[in-house]
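# What the coordinates show
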Amino acid sequence: MKFYNFHLMPYADVDLDAIDKNGTAWISFSNSNFDPIKGAALYNRYLDEMAYSDQLGFDGVIVNEHHQTAYGLMPVPAVLAGALSRTVKNGKIGVLGRALPLVNNPLTIAEEYAILDNLTEGRLIAGFVRGIGAEYHSMGINPAHSKDRFNEAHDLIIRAWTEPGPFEFVGKHYHFKYVNPWPLPYQQPHPPIWVPSQGSSDTVEWAARMKYTYCQTLSPIKSVAKVFDGYRAAAEKSGYTASPDQLAWSMSMFIAETDAKARAMAKPHIEALVNQLLSIPLQMLLPPGYTSPESLKKIAASGVVGHHKTIDDLIEEGVVIIGSPETAREKLEEFSTLAGFGSILVKTQFGTMPTAMARDNIAAIAREILPKFQGRDG
Amino acid sequence: MNATSTQAGGEPIPTRFKLHDCEIVMRRKGAGKTLVFLHGASGGSAWLPFMETLSRSYDLIVPEHPGYGASDDPDWLERIEDLAYFYLDFLKALDLSEVHLMGLSLGGWIAAELAIRDTSRLASLTLVDAAGNFIEGAESVDIFLLTPEERFRATYYDQDLALSEMERLMTPENADTAIKNNFTTAKLVWQPRAYNPAMLKWLKRIELPTLVIWGANDRAFGPEYADSYQALIPGAEKVVIPACGHVPNVEKPTEFIAAVDDFIARVPT
């Protein structure tokens, strides 16, 4: 199993009451709540946490992309990945990220990723995502075109990396007389592509067909297992057997000496993540056209959006692993047997967690968890 | 004279009409001058009291737009201009002439786009709280960030009416249609948000008696928008209805119909 330190780079100094008062940390939450003195410190602190996890033996680090929100401060993740390329010496550097439909020129993404892959001499993991619905409000992109633009941008980037240029590209949303990016990626034919999603069956089946690594984010472990079963079935339908390497579970982990201590320490930070930073009204999260009408109805009826959660709910549902080293090892054993993933994207810092606590957590995970699971298949 | 079968409440039995591989639903009732009403973002599936009243004086035609309600959602539908061309061909296919074209909100935008292209089948144009325009600093709520209740409240000046309309319209039977209409609206108006800079510069081409009707308290497009449409369309008249939100045809039907009647009566034939 491979362990990646997955960072959201939240605005950890945020005033949680101000988010509650505004109703969400997205789109309408004024950036007058952002203090650049604090922001500068957070960026440097987070980059140091990433490098620290590399020194302690994590298999890689992963940055993220969201726009106009206190939830995460990485609207342009390649800038952070570029900084990491000089300090993360051993592990992979993943971007999850880049939201293809949000850009009007996907060639810039082909260029960014190619530069990063050169800088790291082939240690880049290239994420391709649609971005969450809120992004279509904040970036002014029509949600009705999201899937179309994703598919078209994907095809353009892959062709730009694999077909000798210059060539002409004519799509419905993107038109280029000359496609001929310099540089090309270091890895041949291109960096590994990862596709995160919340489990939309279209995306899961497509990723399986393309042999892209699929990541499931922020979901109870039982749904993760079901979605991964769907991926494996789709792979069989495409004529091959998926390896655990192709499946990544994205979660949060926190370890302290005892279960009680771990829970008490993690509680305010994980609940700030789930109940404040992630709080998004339905109409913000799912603008019309981002999903099918059927999915919209299903999600609206399920009542999951805007539902307040406690740390106990999150542990119970297996969204997170929080506890003593023994508990964490047991849970990970149980969950990996259940869901069969080969990679785990661990948010070692979440919500409002301060740096000393995050670094202790990184060290504890490296010491107590990695040795038992690293080097296994799944 | 247009013979019509009607149902309860005077509603004409809807008919289906196919054009450009798209079957739409349309309701037609009444006799006299031809009045075509283009509905707004919330759809045109219902025969409303103001339509019944208008049908006593006019040959009223209310098509349900492609992408809305029980009409098909054709692949070619991508922007408001597509609907302008569709309705130009619709007028031609029905061989309508001397048409008094009226559009509400999104329908007003369609009507304006249509009129800058070709007025040969039109006698007059009426824009009611029309979308399509942009004025820096004027009030313009983002309907896509509102909850359903907030949306109803933003639509009406009279908040009791807002709640009774919400109760009447937000039913399980209407849920699928409401989602379909909202999806189509978003596709058509998302970016730039509910306006077309390329249309604004050509509104001066409209050489047609034009009436701009506006609710004084419209929160979707404040009354500055009425001033702007009046200024951009040569010779346009304007009626602003006090204590009225975004849909004067529903909120102030008496004043609304009086303004329409007065205007159309003065249009030279």
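We now turn to the structure provided with this report. (Residues numbered from 1 in each chain as written. Chains lettered and ligands numbered in written order. Predicted model: local features only at pLDDT ≥ 70, side-chain atom pairs only at ≥ 80, totals over all residues. Heavy atoms only, no water.)

## Here's the deal with the overall build of chain A
Summing up its helical and strand segments, chain A has 15 helices and eleven strands in all. For chain A, whose C-alpha radius of gyration is 20 Å, the value lies close to the compact-globule estimate of 21 Å for 378 residues. Its C-alpha atoms put chain A at 60 × 45 × 45 Å along the principal axes. In chain A, which comprises 378 residues, the proportion classed as buried is 57%. Considering only contacts in chain A between residues 6 or more positions apart, those separated by 24 or more positions represent 76%. In chain A, 34 positive and 40 negative side-chain charges are present, and the distance between their average locations comes to 3 Å. (Helix = DSSP H or I, 4+ residues; strand = E, 2+ residues; numbered from the N terminus. Rg over C-alpha atoms; globule rule 2.2 N^0.38 Å. Buried < 20%, exposed > 50% of the residue type's maximum accessible area, 1.4 Å probe, protein only. Contact = heavy atoms within 4.5 Å. Lys, Arg positive; Asp, Glu negative; His and termini not counted. Charge placed at Lys NZ, Arg CZ, Asp CG, Glu CD.)

## A look at the overall build of chain B
The number of helices and strands found in chain B is ten helices and eight strands. Against the compact-globule benchmark of 18 Å for 269 residues, chain B has a radius of gyration of 17 Å, which places it among compact chains. Along the first, second and third principal axes, the C-alpha atoms of chain B reach 45 × 45 × 40 Å. The burial tally for chain B puts 54% of its 269 residues in the buried class. Restricting the contact set of chain B to residue pairs at least 6 apart, pairs at least 24 apart contribute 75%. Accessible surface, chain B as shown: approximately 11,400 Å² in total, 51% of it carbon and sulfur. Distance from the positive charge centre (24 side chains) to the negative charge centre (38 side chains) of chain B: 4 Å. (Areas by Shrake-Rupley, 256 points an atom, 1.4 Å probe, with all protein chains shown as cover.)

## Focus: unusual backbone geometry
Omega for the bond connecting A:Trp182 with A:Pro183 falls within 30 degrees of zero, at -5 degrees, which places this linkage in the cis form. Among the secondary structure elements, A:Pro183 is positioned in the loop between β6 (175-179) and β7 (193-197). B:Pro192 follows B:Gln191 through a cis peptide bond whose omega is -10 degrees. Among the structural elements, B:Pro192 can be located in the loop between α6 (175-189) and α7 (197-200). A positive phi angle, near 55 degrees, is found at A:Gln68, a position not held by glycine. With respect to the helices and strands, A:Gln68 occurs in the loop between β2 (60-64) and α3 (77-84). Notably, B:His20 is not glycine yet its phi reads approximately 50 degrees, a positive angle. Among the secondary structure elements, B:His20 is positioned in the loop between β1 (15-19) and β2 (22-29). Overall, the relative accessible area of 41% leaves B:His20 in the partly exposed class.

## Structural notes on the interface of chain A and chain B
Opposite the 19 residues of chain A that make contact, chain B presents 14 residues. Both sides together, the interface formed by chain A and chain B hides about 1,400 Å², and carbon and sulfur atoms give 67% of it. On inspection of chain A and its partner chain B, the count reaches two salt bridges. B:Asp176 is paired through a salt bridge with A:Lys297; the nearest N and O atoms lie 2.4 Å apart. At the boundary of chain A and chain B, one finds eight residue pairs in polar contact (both at pLDDT 80 or more). A total of three residues in the side of chain A that touches chain B trace back to one element, the largest contributor, which is helix α11 (residues 293-302) of chain A. Residues of the side of chain A that touches chain B, tallied by class, amount to ten nonpolar, seven polar and two charged. (Buried area = accessible area lost by both parts, 1.4 Å probe. Salt bridge = Lys/Arg side-chain N within 4 Å of Asp/Glu carboxyl O. Polar contact = N/O pair within 3.5 Å; in protein donor to acceptor, adjacent residues only side chain to side chain. Nonpolar A, V, L, I, M, F, W, Y, C, P; charged D, E, K, R; others polar.)

## Here we look at the pairing of β2(A)
Residue and element names in this part refer to chain A. Of all the five residues making up β2, five are buried; the element is thus mostly covered by neighbouring parts of the structure. Of the two faces of β2, the one holding Gly 60, Ile 62 and Asn 64 and the one holding Val 61 and Val 63 are both buried throughout. Looking at chain direction, strand β1 (residues 2-6) and β2 are connected through three bridges and run parallel. From the neighbouring strand, Asn 5 faces β2, where its bridge partner is Val 61. Pairing between β2 and strand β3 (residues 92-96): five bridges, direction parallel. If you follow Gly 60 over to β3, its bridge partner there is Lys 92. With α3 bridging β2 and the parallel β3, this β-α-β connection has right-handed handedness. (Pairing = 2+ DSSP bridges. Right-handed = clockwise from strand over helix to strand, strands pointing away.)

## A closer look at the side chain of A:Ser343
All names here are of chain A. Within the fold, Ser 343 resides in strand β11 (residues 343-347). A relative accessible area of 2% means that Ser 343 is categorised as buried. If we skip the residues at most four places from it in the chain, Ser 343 touches Lys 2, Tyr 4, Trp 194, Pro 244, Asp 245, Leu 247, Ala 248 and Trp 249.

## Examining empty space enclosed by the protein
Empty space among the atoms becomes apparent when a probe as large as a water molecule is rolled across them. All names here are of chain A. Tallied over the full model, the rule gives one cavity of 30 Å³ or more. Taken as a whole, the largest cavity holds about 50 Å³ of empty space. Taken together, Leu 218, Ser 250, Met 251, Ser 252, Ile 270, Leu 273, Val 274, Leu 314, Val 319, Val 320 and Lys 347 form the lining of the largest cavity. Elements represented by at least two residues in the lining of the largest cavity include exactly β9 (247-255) and α9 (259-277). Taken together, the residues that form the lining of the largest cavity break down as eight nonpolar, two polar and one charged. (1 Å grid on protein atoms, 1.4 Å probe; cavity = no way out; pocket = protein on both sides within 12 Å on 5 of 7 lines; lining within 4 Å. Points joined across faces, edges and corners; volume = space filled by probe spheres on them.)

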